[in-house]
Amino acid sequence: FRFAVGAVVGLVMTPLMLHYLGREAFGLWTVFFALMGYMALLDLGLSPTTAKHVAQYRAQGLAQPASEFVSTTLMIYVPLGALVIAIGAILSPFVAGLFHVSTDLATTARWVFLIAAFTTAFLLPLGALRGVIIGHQRMDVANLLAALFVVVTGAVTAFVLIVGGGLLEVALVAALTAVLQLLVYLAMIHRLFPSMAISPRLFRPQAVWRALSFGFYIFVVLASATIIFRTDSVVIGAFLGAEEVATYAIAFSLISYAMILVFKLSDSLLPAFSEMQAAGERQTTRHAYLESCRFSVVLASCLHGGVIVFGRSAVGLWVGEHKFVG
């Protein structure tokens, strides 16, 4: 359901943003989104690490260590968020020249990049809060919240565009919804899991190493995925300009939706695997892992076969045949 909501909103918003922002501004937004993906690596794998440890502590009935681990993880995000904002402030004066932005859009580009850095800083701890909910095996709540904010963000963005807003206003909407999400997730955790206490006073230095040691392996995987799937937009923008990114991004979106659907299968199984590990159920873990791999391969094959066969016609119906890149 969450994937379907995100796909529908994305399919609606892409032609809408193209129409109201224009190719250059839309391409610039895509480039900034890719760059923020690199900054998001400063999460250091803490989001899935939080889900893993919360699930293990839950299986063992250890409420206090779980609260200490989550509180410590959230405190780690404070300097990481500050670093993201500092990087954004340092790089923002150069983004217009780097991506060959037109004079009319240059000032806006600098402000939008800085706002995007602030947004990313607020979204970093959101991943860990989502991990708390997932670790408690409430994937339904986590997905419903995510779907809700996708719809809200899309609706507000569409309204802003229709009434005459531009790229700067779109960036402000993203920043405000990021802050709102953070507050809603905190309130939801407090309501659903009263035994989960989140406070700076529960910071434990020994939990920092426990979080970062496992998070390192997640970080390596995420860094590899970021290089593979986000570098293309940055390279195209740097060599050909932000306007050319728009056409490429449309075609890549079809592949992206297919990949996300496949990835969600393994993402949803993380807390279950963590609880199996805590309970020492190795044979059950092995069986679940092999079955999920088989299903992922079949699903990916079907989806990508569909993209290859119907991709061109899908783009043509979506935004027009002239925007297709083979």
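Residues numbered from 1 in each chain as written. Predicted model: local features only at pLDDT ≥ 70, side-chain atom pairs only at ≥ 80, totals over all residues. Heavy atoms only, no water.

### Considering the packing of aromatic side chains
Taken as a whole, this structure holds 3 aromatic pairs when the rule is applied. Seen from their ring centres, Phe216 and Tyr217 are 5.7 Å apart, and the 75° between their planes marks the pair as edge-to-face. Under the relative-accessibility criterion, Phe216 is labelled partly exposed at 49%. The exposed category is assigned to Tyr217, whose relative accessible area is 57%. When the ring centre of Phe214 is taken as reference, the NZ or CZ atom of Lys52 above it lies at 4.7 Å. (Phe/Tyr/Trp six-rings, centres within 6.5 Å; stacked < 30°, edge-to-face > 60°. Buried < 20%, exposed > 50% of the residue type's maximum accessible area, 1.4 Å probe, protein only. Lys NZ or Arg CZ within 6 Å of the ring centre and 35° of its normal.)

### Side note on the confidence of the model for the protein
Predicted confidence across the protein gives a mean pLDDT of 85, with 98% of residues reaching 70 or more. Mean pLDDT per element in the protein: helix α10 (residues 242-278) is the minimum at 77, and helix α8 (residues 167-192) is the maximum at 92. (pLDDT = per-residue confidence, 0-100. Helix = DSSP H or I, 4+ residues; strand = E, 2+ residues; numbered from the N terminus.)

### Observations concerning the environment of His100
In this structure, His100 sits in the loop between α5 (95-98) and α6 (103-135). It is 9.0 Å that separates the C-alpha atoms of His100 and Glu243, two residues lying 143 residues apart in sequence. The residues contacting His100, other than those within four sequence positions of it, are Glu24, Gly237, Ala238, Phe239, Leu240 and Gly241. (Contact = heavy atoms within 4.5 Å.)

### Focus on the packing of helix α3 (residues 46-60) against helix α9 (residues 205-240)
For the pair α3 and α9, the least separation of the axes is 8 Å and the interaxial angle reads 125°. In terms of axis orientation, α3 runs oblique to α9. Handedness of the α3/α9 crossing: right-handed. Mapping the contact onto sequence places Leu46, Pro48, Thr49, Lys52, His53 and Tyr57 in α3 and Arg210, Ala211, Leu212, Phe214, Gly215 and Ile218 in α9. (Axes fitted to C-alpha atoms, helices over the stretch in contact; angles between N-to-C directions. Parallel < 35°, antiparallel > 145°, perpendicular 65-115°, else oblique. Left-handed = near helix turned anticlockwise from the far one by under 90°.)

### Quick word on the nonpolar core
Counting residues in hydrophobic clusters, the biggest one holds 76 residues, and the most contacted among them are Leu28, Phe32 and Ile133. Broken down by element, this core gets its largest block of residues, 16 residues, from α6. The residues touching Phe32, leaving out its near neighbours within four places in the chain, are Val95, Ala109, Val112 and Phe113. (Core = buried A, V, L, I, M, F, W, Y, C linked by side-chain atoms within 4.5 Å.)

### So, unusual backbone geometry
Of note, His100 is a non-glycine position whose phi angle comes to about 55°, a positive value. The phi angle at Gln137 is positive, at roughly 65°, despite the residue not being glycine. Note that Gln137 resides in the loop between α6 and α7 (139-162). Classification of Gln137 by relative accessible area gives partly exposed; the value is 32%.

### Concerning the pattern of salt bridges
Across all of its chains, the model carries 3 salt bridges by this definition. The partner of Arg294 in a salt bridge is Glu291, and the shortest N-O contact between them spans 2.6 Å. Placement of the pair is Arg294 and Glu291 together in helix α11 (residues 282-319), with a separation of 3 residues, close to one helical turn. For Arg294, a relative accessible area of 49% gives the class partly exposed. (Salt bridge = Lys/Arg side-chain N within 4 Å of Asp/Glu carboxyl O.)

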